[in-house]
Amino acid sequence: MKWQKKGLLFEPAKYDLPNGCTAFAQSPQTLVFDDFVRIYFSTRKMDAVTGKYLSFIAFADFDKNFTKVLATSVKNVIELGGLGTFDEHGIFPINILRHNNKIFAYTCGWSRRVSVSVETSTGLAISEDEGVTFKKIGTGPVLTCSLHEPMLVGDSFVQFYEGQFHMWYIFGKRWITAHAGEPPARVYKIAHATSADGVNWQKEESKQIITDYLNEDECQALPTVIKIDKRYHMYFCFREATDFRTNPARGYRLGYAWSDDLVIWKRDDANSGIAFSDKGWDSEMMCYPHIFQCDDKVYLLYNGNEFGKQGFGIAELVTG
Amino acid sequence: MGRVFNPLEIKNRSWLKEFAQAPCVLIFDDFVRVYFSCRPPADEKGQYVSYSAYVDLNRNNLFEILRLSETPVLQLGKLGTFDEFGTYPISVIRHNNEVLAYYAGWTRCESVPFNVAIGFGISKNDGQTFDKIGDGPVLSYSIDEPFILSGPKIRRFGNKWYLFYIAGKKWILDNGKPEPVYTIRMAESDDGLNWVKQNKDLITYKVEENEAQASPDVFFYQGKYHMFFCYRHSANYRGKEKGYRIGYACSDDLKNWIRDDSKAGIEVSEDGWDAEMISYPHVFELDNEMYMFYLGNQVGKHGFGLAKLENYQP
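Just so it is clear, the structure is predicted and the values come from calculations on it, not from any experiment.

Turning our eyes to something else, we now look at the overall build of chain A. Regarding its fold elements, chain A presents one helix and 20 strands. Considered along the principal axes of its C-alpha atoms, chain A spans approximately 50 × 45 × 40 Å. Taken across its 320 residues, chain A has 48% of its residues classed as buried. Pairs at least 24 apart in sequence give 49% of the contacts found in chain A among residues at least 6 apart.

So this is what it looks like as structure tokens:
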């Protein structure tokens, strides 16, 4: 794979976003229309009560050459959950799938815990207005912790291949106590589930489908998959479990794997065809990749330094 | 018949200070093992953890305590898991040469005090201790059961496994304090591990729309399924007026239930340990009698007691 970077595409600070959000445009994901591309992302505002961030979904519409922003969302795209629900404290990320004239959104809902910072699960919402707003199908999740996936199910990415829905997602294996004085750190891996209807999912239960590259505490996140010719390609991001926020040697970068059967994935980071820039917005971190096709081109959206605080960028596939 | 076990009388168990909640029996040749859930003293922030343990009673005299478990029967979960702060209540069943336990695991949340999901353990020592087979829950949240999956009661009828439990519907604010509303639900399984939820409230509400229902205790008797359970108002339920009472329903198929609390046949006493509320019924047959264990005031803070069904015909 070889990608040509086209630079920072969207800077949230330059726009008036709903909910008073000013910084962060994380985990960009697309819904492609005939004459424009809608890119959803998670942005943040400070919770006045707790002083902690809440993540909200917003979007920006681009022309199909990605030369300008046509519009940004004015309404809240999807409500956060009610008291005590899995998505009460944020939705990040959101994955959009158009299938048989329906528009599904698979959300990663966040709720705060006491002994650890957070728990997550995957929710499902449906849009009846071409993706302007989404309504949840229930107050609970469609995919959550189970016997051997004890925590932190989320980052779902769904495609319809070979007659069924496929979901790639992450699950937590454990929380580890980092260095003294630091909060507990999580370890999560990429997994796969299937479904006939996109609602009821069958997990493979604790099967890590992407091998570790760093060590057994490697954190793998945000899988995104595309089929090109007969081969499936997956990008994701990965990092060390601790000291990853400000240390570029331990922070997020992009990983790559391929599969010919959707069962066995061959990890092949050396052929990802994209790496940190020498300087600038993606020189210290690359994370939250999203691959999509627009007309006859394949693009990669991703976040750079500081987990996407400045926004997201785009690259175009030049050789597959 | 009176109180059987008062946890406040127990010494030398650091993990058992007060509460003996949600009794559930496992019957042996010469004794009856009663599982219950208890708590050590609250921590400096006033928060409890909960454990499950057992007391063995003389089969011929259920008011005679033979022994108390040396340790809790289940360990609390690891950091960040669903049962890190409590394993309560527990329901056990014999299967082949093992005893299986389904229990509610508690975690602590920021905006509401807790969340609960149902875990699973196996005992190879006649129910003295149980080992978990995974760090996560065996029955977890879903689209219409967003939180608080608790109060499991495991049953086997024919070749099928049934799990009766409660699921949270919403959290309401009572003078700014979050209080959960939950209803009685059921799931079926062929193996006891993979569950298919019925996704339906089994019992209609009576005292108010936000009635909370718990402890769905089901047994088969004279050609029908019977359920005793408890219910309460959504707010101010810690006193007599709106506190827990025991309800009753029956069913021909385990799925469709007719509630008729007038047939429960048990009410709060005039005075004493069960004068304010009665809750968490568990019904069992023993030596040609039908008994019910249940909790009294303050949801079992002072232990559980026993009642006997009149005119029981085995």
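Still more to cover.
With 169 residues, the main nonpolar core has C237 and L300 of chain A together with L163 of chain B as its most contacted residues. Excluding residues within four positions of it along the chain, L163 of chain B makes contact with Y102, L139, P152, I154, M186, A187 and W195 of chain B.

Right, let's get into unusual backbone geometry. Between F92 of chain A and P93 of chain A the backbone carries a cis peptide bond, its omega angle lying at 0°. The omega torsion of the bond from Y88 of chain B to P89 of chain B falls at -10°, within 30 degrees of zero and hence cis. Of note in this structure, N199 of chain B is not a glycine but carries a positive phi near 55°. The residue N199 of chain B is located in the loop between β13 (195-197) and β14 (212-221) in this model. You can call N199 of chain B partly exposed: it has 14 C-beta atoms within 10 Å. Its identity is not glycine, yet Q222 of chain B carries a phi of approximately 50°, on the positive side. Relative to the helices and strands, Q222 of chain B is located in the loop between β14 and β15 (224-232).

A few words on the interface of chain B and chain A. When the parts of a complex come together, some accessible area is lost, and that lost area is often used as the size of the interface. In this complex, chain B contributes 28 residues to the contact, which on the side of chain A involves 29 residues. In the side of chain B that touches chain A, the residues fall into 13 nonpolar, eight polar and seven charged.

Here the focus is the sheet that holds β13 of chain B. Residues and elements named next belong to chain B. Here four strands make up an open sheet; going across it, the order is β10-β11-β12-β13 and the pairing antiparallel. Lying at the two open borders of the sheet, with one neighbouring strand each, are β10 (147-157) and β13. The average undirected angle you get between the axes of adjacent strands in this sheet is 35°. The pairing of strand β11 (residues 160-174) with strand β12 (residues 177-189) spans 13 bridges and is classified as antiparallel. Looking at the pairing, L163 lines up with A187 of β12.

What counts, and at which threshold
Residues numbered from 1 in each chain as written. Chains lettered and ligands numbered in written order. Predicted model: local features only at pLDDT ≥ 70, side-chain atom pairs only at ≥ 80, totals over all residues. Helix = DSSP H or I, 4+ residues; strand = E, 2+ residues; numbered from the N terminus. Buried ≥ 20, exposed ≤ 12 C-beta atoms within 10 Å, placed from the backbone. Contact = placed C-beta atoms within 7 Å. Core = buried A, V, L, I, M, F, W, Y, C linked by C-beta atoms within 7 Å. Nonpolar A, V, L, I, M, F, W, Y, C, P; charged D, E, K, R; others polar. Pairing = 2+ DSSP bridges. Axes fitted to C-alpha atoms, helices over the stretch in contact; angles between N-to-C directions.

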